[in-house]
Amino acid sequence: PEARAMHRVLIIGCGAIAGGYDADRPVGALPLTHAGAFTADHRFAIAACVDPDETARQAFAARWGIEHHAASLEALGAEAGAFDVVSICSPTAFHAEHCDDALALEPREAEAERLLAHDRPVHRAGALARDRGHALLRAFPDIFRYIWQC
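Here the structure is a predicted model, which is why all the values come from computation and not from measurement.

Chemist: Would you mind showing me how to read the overall build of the chain here?
Modeler: Each helix and strand in the chain was counted, giving six helices and six strands. Burial statistics for the chain: of 150 residues in total, 43% are counted as buried. When contacts within the chain are restricted to residue pairs at least 6 apart in sequence, long-range pairs at least 24 apart make up 64% of them. Working note: accessible area of the chain is about 8400 Å², and carbon and sulfur atoms make up 54% of it.

Given below as structure tokens:
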């Protein structure tokens, strides 16, 4: 069979849930984070990351081997269709804004931890995603080991 292209991933936010919890774990350990799960599944490649904290972003990019990174999506210069998956790992207060930003990039899938049904801006983003034919998923980091077995 023909080899499938890797899914290009953008991670918004470079903190603990993005990859920090896996930073010092042994190779082959079950992943606890977005970056850990994407790295463990060879169908995905983390193509870029964004975080306004330069120190955190630089450390994250170095740890996970990410060449392209910037303080913002605007600074990254990302265009629509550049990523197959956008993983939102920013603080909860920024989820609605980052959901909008993610959907503007037209990924096949956007995901965020702690998407809450009662969070109206995020709920609207979910409806917008459905209308555009994209998926907006709630990610549960403690069960990443099962997500990619589909």
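Back to the write-up after that little detour.
Chemist: Is there a simple way to think about the environment of V86 in this case?
Modeler: Residue placement: V86 occurs in strand β4 (residues 85-88). V86 sits in the buried class, given a relative accessible area of 0%. Along the backbone, V86 and E109 are 23 residues apart, and their C-alpha atoms lie at a distance of 6.5 Å.

Chemist: Explain the environment of H68 here, please?
Modeler: Along the chain, H68 falls in strand β3 (residues 68-70). Judged by its relative accessible area of 44%, H68 is partly exposed. The spacing of H68 and A47 is 21 residues in sequence and 6.6 Å in space, taken between C-alpha atoms. Ignoring sequence-local partners within four residues, the contact set of H68 consists of A47, A48, C49 and L76.

Chemist: So what exactly am I meant to see when it comes to the nonpolar core here?
Modeler: In a soluble, globular protein the nonpolar side chains are often hidden away together inside. Counting residues in hydrophobic clusters, the biggest one holds 16 residues, and the most contacted among them are I11, F38, C49, F60 and I66. The set of elements that each furnish at least two residues to this core consists of β1 (7-12), α1 (34-40), β2 (44-50) and α2 (54-64). With 14 residues, the next largest nonpolar core counts A48, I88, C99 and A102 among its residues.

Chemist: So what exactly am I meant to see when it comes to the confidence of the model for the chain here?
Modeler: One rule of thumb: low pLDDT means the predicted coordinates there are not for detailed reading. Looking at the chain, the pLDDT average stands at 77 and 69% of residues meet or exceed 70. Confidence over residues 115-129 falls short of pLDDT 50; this stretch has 20 contacts with residues more than four positions distant or in other chains. Note that pLDDT drops below 50 for residues 134-150; the model gives that stretch 49 contacts with residues more than four away or on any other chain.

Chemist: Could you clarify how one ought to interpret unusual backbone geometry in this entry?
Modeler: Glycine aside, residues mostly have negative phi angles, and peptide bonds mostly take the trans form. A positive phi angle is found at E106, which is not glycine, with a value near 55°. Relative to the elements of secondary structure, E106 occurs in the loop between α4 (95-104) and β5 (109-113). You can call E106 partly exposed: its relative accessible area is 48%.

Procedures and definitions
Residues numbered from 1 in each chain as written. Predicted model: local features only at pLDDT ≥ 70, side-chain atom pairs only at ≥ 80, totals over all residues. Heavy atoms only, no water. Helix = DSSP H or I, 4+ residues; strand = E, 2+ residues; numbered from the N terminus. Buried < 20%, exposed > 50% of the residue type's maximum accessible area, 1.4 Å probe, protein only. Contact = heavy atoms within 4.5 Å. Areas by Shrake-Rupley, 256 points an atom, 1.4 Å probe, with all protein chains shown as cover. Core = buried A, V, L, I, M, F, W, Y, C linked by side-chain atoms within 4.5 Å. pLDDT = per-residue confidence, 0-100.

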